[in-house]
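Residue-level listing of the chains:
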Amino acid sequence: MGFENFGTVSFTAAAKAADFMTHLEAGKVMTTRCRNCGASYFPPKADCPACLSSDVDWFEIKGQGKLNTYTIVNYGPTGFENDAPYILALGEFEGGIQVLARLSRDIKPDDIKVGMSLALSPVKLPDNRVAYEFNKV
Amino acid sequence: MAEVAIVGVGQSVFSRDCGVSIRELSFEAFKEAMEGLDITTGDIDASIICSAPEYDKQRSPAGLISEYLELTPKPSFYVETVCSSSSTGLRIAWSLVKAGLHKVVAVIGFQKMSELSSRDAAERMGRGADIIWESPFGLTMPAGYAMYARAHMAKYGTTEEHLAKVRVKNSHYGAANPKATYRKELGLEDILNSEVITSPLKKFDCCANADGASCIIVARGDVAKGITQVPVWIIGLGAATDTMTMAGRKSLTGLECAKEAGKQAYKMAGLKPQDIDVAEVHDCFTVSEILAYEDLGFAKPGEGVGLIEDKQTYADGKIPVNVDGGLLSKGHPIGATGGSQVRTIVRQLRRQATEAQVKGAEVGLVHNIGGIGQYGNVTILRR
Ligand SMILES: CC(C)(COP(=O)(O)OP(=O)(O)OC[C@H]1O[C@@H](n2cnc3c(N)ncnc32)[C@H](O)[C@@H]1OP(=O)(O)O)[C@@H](O)C(=O)NCCC(=O)NCCS
Ligand SMILES: [Zn+2]
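Sequence order as written defines residue numbering, which begins from 1 separately in each chain. Written order decides the labels, with chains lettered from A and ligands numbered from 1. In view of the model being predicted, local features appear only for residues whose pLDDT reaches at least 70, and side-chain atom pairs are presented and counted only at 80 or more, with totals across whole chains, interfaces and linings using the full set of residues. Only hydrogens and water are set aside when side-chain values are computed; all heavy atoms of the structure are taken into account.

Novice: I'd like a description of the coordination of the zinc ion (ligand 2), backed by residues and values.
Specialist: Cys34(A) (SG), Cys37(A) (SG), Cys48(A) (SG) and Cys51(A) (SG) make up the full set of protein donors to the zinc ion (ligand 2), lying at 2.3 Å. Exposed residues in this analysis have more than 50% of their type's maximum accessible area, buried residues have under 20%, and partly exposed residues fall in between, with area computed by a 1.4 Å probe over protein chains only. According to the relative accessible area criterion, Cys37(A) is partly exposed, its value standing at 41%. With water excluded from the atoms, a metal site may look incomplete; its donors are any N, O or S atoms within 2.8 Å, or within 3.2 Å for Na, K and Ca.

Okay, structure coming up:
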């Protein structure tokens, strides 16, 4: 399994980092840390440019995050036009890991505030697709 | 070592739909750049063709354009950094001349965006983000800049009205630019009432997709003086990158690539922000111009809105910015944009600007950004 079912529209499938998808299907949003030098990455990297090792471990992005910024997208590009409006956001989690994802549709636009607390969790989309999203805590 | 000058600049009319081919569009820009120069096409030693390939039907356009302009058999190649492609082309032209490989180099940028609908163009630009990790969420260029705008508002109290004032200024100057796509003056209410594209950005906070071409002719200092009476000298160059992903960004209230490129260019020129007499900055969105004021040191972080509030970036202000209408009025034909910005500054320094001439301009700056701040080029020119 690669990235073919990731997000609303995926553009490529095969990647060494596709273990990410196995973890996501199992309910966890995970990223990589190099076993050799300890450098951690998000988005995940199957290789470590710092020490040139390709021996990486997966760890879960956990805990409470905060909303750094967001935008309500009304103008969806081709492939996303029926999805709009949707809310894109950047959230920051433990260890300063910043993630781009959508805000859950359960959050009302009036309730969104930069700095608010967020949780990050896997989400099932129509047509057997999967992604992760931000939820209110 | 030899100095490097710009001897000629040109651009086509920018429009929503040019109705001609990319070779003909490029000819329009090339012709204007060559007008009045004491050289012919045969004196051009190499050409650098700049565009973003996702809009082109033509594959490998460098070969096509060099044949049409009769630049063969001289070397020609293609350069891409999305929206900053042609200022990257200028940087490479400088180094080719400086290294002694060539005496005269043409930098030609073009884009025919009318090949695609705006929604398709937005999808292609969305793939100018990380296609595994971010494009699948529906990230677009306006959405990326909108997130910078929201973060700037949250940190500094910037408002939608502040942003709209940038468009009011740029539409004022764009109205006088015969090469601009939009030549209508817009009022604050027009902008604030336009439809929301991606909050807080509305339609008139956004540049429009356009067709257009630009051309810059670069020459070695000693030959430059024989080609034109008014060479304009390239005295500062800076270039930098930031992460492809939004997730990787350390700052959301300024573009790190622009700050770094600016620092390099000021250092090379031996100048400070207050030495700049006129600037062209990459106002792909209204917020982008505010970020540029701060990233280039025209204002302190968070104080950029003060410049537009006090009209200090109008032609008679402390630091005139985008007094040709900017991308917001001219339209943004991706590969042609940097060359168009350079053209405006060269014309300002030659005292040939027709939209609004900044009095006594000696030193000008061009800030050209690729993507959502993935690539940044800052160039400083002196007459
Ligand atoms: C904002 C945007 C979505 C508008 O969509 P669009 O489909 O192109 O615009 P429309 O066809 O709906 O526009 C209808 C009319 O509105 C006006 N209009 C649209 N955009 C305008 C603009 N930026 N300024 C002034 N008028 C504009 C025009 O009158 C246009 O009519 P025309 O086609 O006869 O000129 C589109 O311009 C866009 O995506 N811009 C951003 C491009 C971008 O991201 N570039 C890279 C930046 S880094
Ligand atoms: Zn390592």
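Here the narrative resumes.
Novice: Help me get a handle on the packing of helix H3 (residues 85-98) of chain B against helix H13 (residues 337-349) of chain B, residues and values and all.
Specialist: Residues and elements named next belong to chain B. Each axis is a line fitted through C-alpha atoms, and for a helix only the stretch in contact is used; angles between axes span 0 to 180 degrees, taken between their N-to-C directions. Helix and strand assignments follow DSSP, with helices taken as H or I runs no shorter than four residues and strands as E runs no shorter than two, numbered in order from the N terminus. Their axes nearest at 5 Å, the elements H3 and H13 cross at an angle of 70°. In terms of orientation, H3 and H13 fall into the roughly perpendicular class. Contact residues: H3 offers Ser86, Ser87 and Leu90, while H13 offers Thr337, Gly338, Gly339 and Val342. The residue classification treats Ala, Val, Leu, Ile, Met, Phe, Trp, Tyr, Cys and Pro as nonpolar and Asp, Glu, Lys and Arg as charged. All others, Gly included, are polar. Tallied by class, the residues present in the contact of H3 with H13 amount to two nonpolar, five polar and no charged. By definition in this entry, angles of less than 35 degrees are roughly parallel, angles greater than 145 are roughly antiparallel, angles of 65 to 115 are roughly perpendicular, and the rest are oblique. The contact criterion used is simple: two residues touch if any of their non-hydrogen atoms lie within 4.5 Å.

Novice: So what about the sheet that holds strand S4 (residues 104-112) of chain B? Which residues, and what values?
Specialist: Residue and element names in this part refer to chain B. Between any two strands, pairing holds if DSSP finds at least two bridges. With respect to topology, nine strands assemble into an open sheet ordered S3-S2-S4-S7-S1-S8-S11-S10-S9, the strand pairing being mixed. Unpaired on one side and paired on the other, strand S3 (76-79) and strand S9 (278-280) mark the two borders of the sheet. With direction set aside, neighbouring strand axes in the sheet form an average angle of 25°. Two elements, strand S10 (residues 363-370) and strand S11 (residues 375-382), share eight bridges in a ladder whose sense is antiparallel. Within S11, the position partnered with Gly364 by the bridge is Leu381. Taken strand by strand, helix H2 (residues 61-68) contacts strand S2 (46-50), S3 and S4, and its axis lies near 135° from that of S3. Helix H9 (residues 256-269) contacts strand S8 (232-241), S10 and S11 of the sheet and is inclined by roughly 145° relative to S8.

Novice: Any details on the site of ligand 1? Residues and values, ideally.
Specialist: Here, proximity means that at least one heavy atom of the residue falls within 4 Å of the molecule or strand. In the neighbourhood of ligand 1, 19 residues make up the surrounding shell, with Ser118(B), Arg167(B), Lys203(B), Cys206(B) and Cys207(B) lying closest. Site remark: ligand 1 is flanked by residues from chains A and B. In the analysis that follows, any N or O atom pair within 3.5 Å is treated as a polar contact, provided that within protein one partner can donate a hydrogen and the other can accept it, and provided that, for residues neighboring in sequence, both atoms belong to side chains. Between Arg16(B) and ligand 1, the recorded distance is 3.0 Å, taken from a side-chain N or O atom to an oxygen atom. Within the backbone of Cys206(B), a nitrogen or oxygen atom sits 2.6 Å from a nitrogen atom of ligand 1. Contact with the protein chains covers 75% of the free accessible surface of ligand 1, which is 920 Å². Only protein atoms enter the calculation, which uses a 1 Å grid: trapped sets of points that fit a 1.4 Å probe without letting it out are cavities, open sets showing protein on both sides within 12 Å along at least five of seven lines are pockets, and any residue with an atom within 4 Å of a point is a lining residue. Molecules are considered to sit inside a cavity or pocket once more than half of their atoms lie within 2 Å of its grid points. Spatially, ligand 1 is embedded in the second largest pocket. Of all the secondary structure elements, the ones that give two or more residues to the shell around ligand 1 are helix H4 (118-126) and helix H5 (141-156) of chain B. Taken together, the residues of the shell around ligand 1 break down into 13 nonpolar, three polar and three charged. Surface accessibility in these figures is a Shrake-Rupley result with a 1.4 Å probe; residues are shielded only by whichever protein chains are displayed.

Novice: Can you lay out the layout of surface pockets for me, pointing to particular residues and giving the numbers?
Specialist: Grid points are joined across faces, edges and corners, and a volume is the space filled by probe spheres set on the points. Within this model, the largest pocket holds a volume of roughly 740 Å³. Residue lining of the largest pocket: 35 residues in total, with Gly96(A), Ile97(A), Gln98(A), Ala247(B) and Gly248(B) positioned closest to the centre. Counting residues per element, the ones that place at least two in the lining of the largest pocket are strand S2 (40-41), strand S3 (56-60), strand S4 (65-73) and strand S6 (97-103) of chain A together with H5 of chain B. Class assignment of the residues belonging to the lining of the largest pocket gives a composition of 14 nonpolar, ten polar and eleven charged. For the second largest pocket, the calculated volume is near 620 Å³. Lining the second largest pocket are 30 residues, with Lys203(B), Cys206(B), Cys207(B), Ala208(B) and Asn209(B) sitting closest to its centre. Put simply, the parts of the chain that give the lining of the second largest pocket at least two residues each are H4 and H5 of chain B. For the lining of the second largest pocket, the leading source of residues is H4(B), giving four residues. Its residues placed into classes, the lining of the second largest pocket shows 19 nonpolar, six polar and five charged.

Novice: Please give an account of the interface of chain B and chain A that cites residues and values.
Specialist: Of the residues lining the interface, 31 residues belong to chain B; the matching set on chain A comes to 38 residues. At the boundary of chain B with chain A, total buried surface from both sides reaches about 3,100 Å², with 69% on carbon and sulfur atoms. Buried area is calculated as the accessible area (1.4 Å probe) missing from two parts once they are joined, with the contributions of both summed. Sorting the residues of chain B by area buried against chain A places Arg119(B), Trp133(B) and Phe137(B) first, and these three jointly supply 29% of that buried surface. Basic side-chain nitrogens of Lys or Arg form a salt bridge, by our definition, when they fall within 4 Å of a carboxyl oxygen of Asp or Glu. On the surface where chain B and chain A come into contact, there are zero salt bridges.

Novice: Please provide a residue-by-residue account of the domain arrangement of chain B, values included.
Specialist: Residue and element names in this part refer to chain B. What the domain assignment lists for chain B is domain 1 (4-116 + 210-231) and domain 2 (136-204 + 234-382). Computed from C-alpha atoms alone, the centre-to-centre distance between domain 1 and domain 2 is 23 Å. With 40 residues of domain 1 at the contact, the number on the domain 2 side is 36 residues. Contact between domain 1 and domain 2 buries roughly 3,000 Å² in total, counting both sides, with carbon and sulfur atoms accounting for 62%. Taken together, domain 1 and domain 2 are joined by two salt bridges. Residue Arg343 pairs with Glu32 through a salt bridge whose shortest N-O separation is 2.8 Å. Tallied by class, the residues present in the side of domain 1 that touches domain 2 amount to 19 nonpolar, 17 polar and four charged. What marks off one domain from the next here is an automatic or database domain assignment.

Novice: Tell me about the nonpolar core, and please be specific about residues and values.
Specialist: Generally speaking, nonpolar side chains in soluble globular proteins are found buried as a group. Joining through side-chain atoms within 4.5 Å is the link that ties buried Ala, Val, Leu, Ile, Met, Phe, Trp, Tyr and Cys residues into a set, and such a set is a nonpolar core. Judged by nonpolar contacts, the single largest core of 167 residues is most densely connected at Val99(A), Tyr132(A), Ile217(B) and Ile380(B). The dominant element in this core, judged by the number of residues it contributes, is H5(B), at nine residues. For this core, the domains that each give at least three residues are domain 1 (4-116 + 210-231) and domain 2 (136-204 + 234-382) of chain B. If sequence neighbours within four positions are ignored, Val99(A) has contacts with Phe42(A), Ile61(A), Ala89(A), Leu90(A), Gly91(A), Phe93(A), Leu120(A), Tyr132(A), Phe134(A) and Ala247(B).

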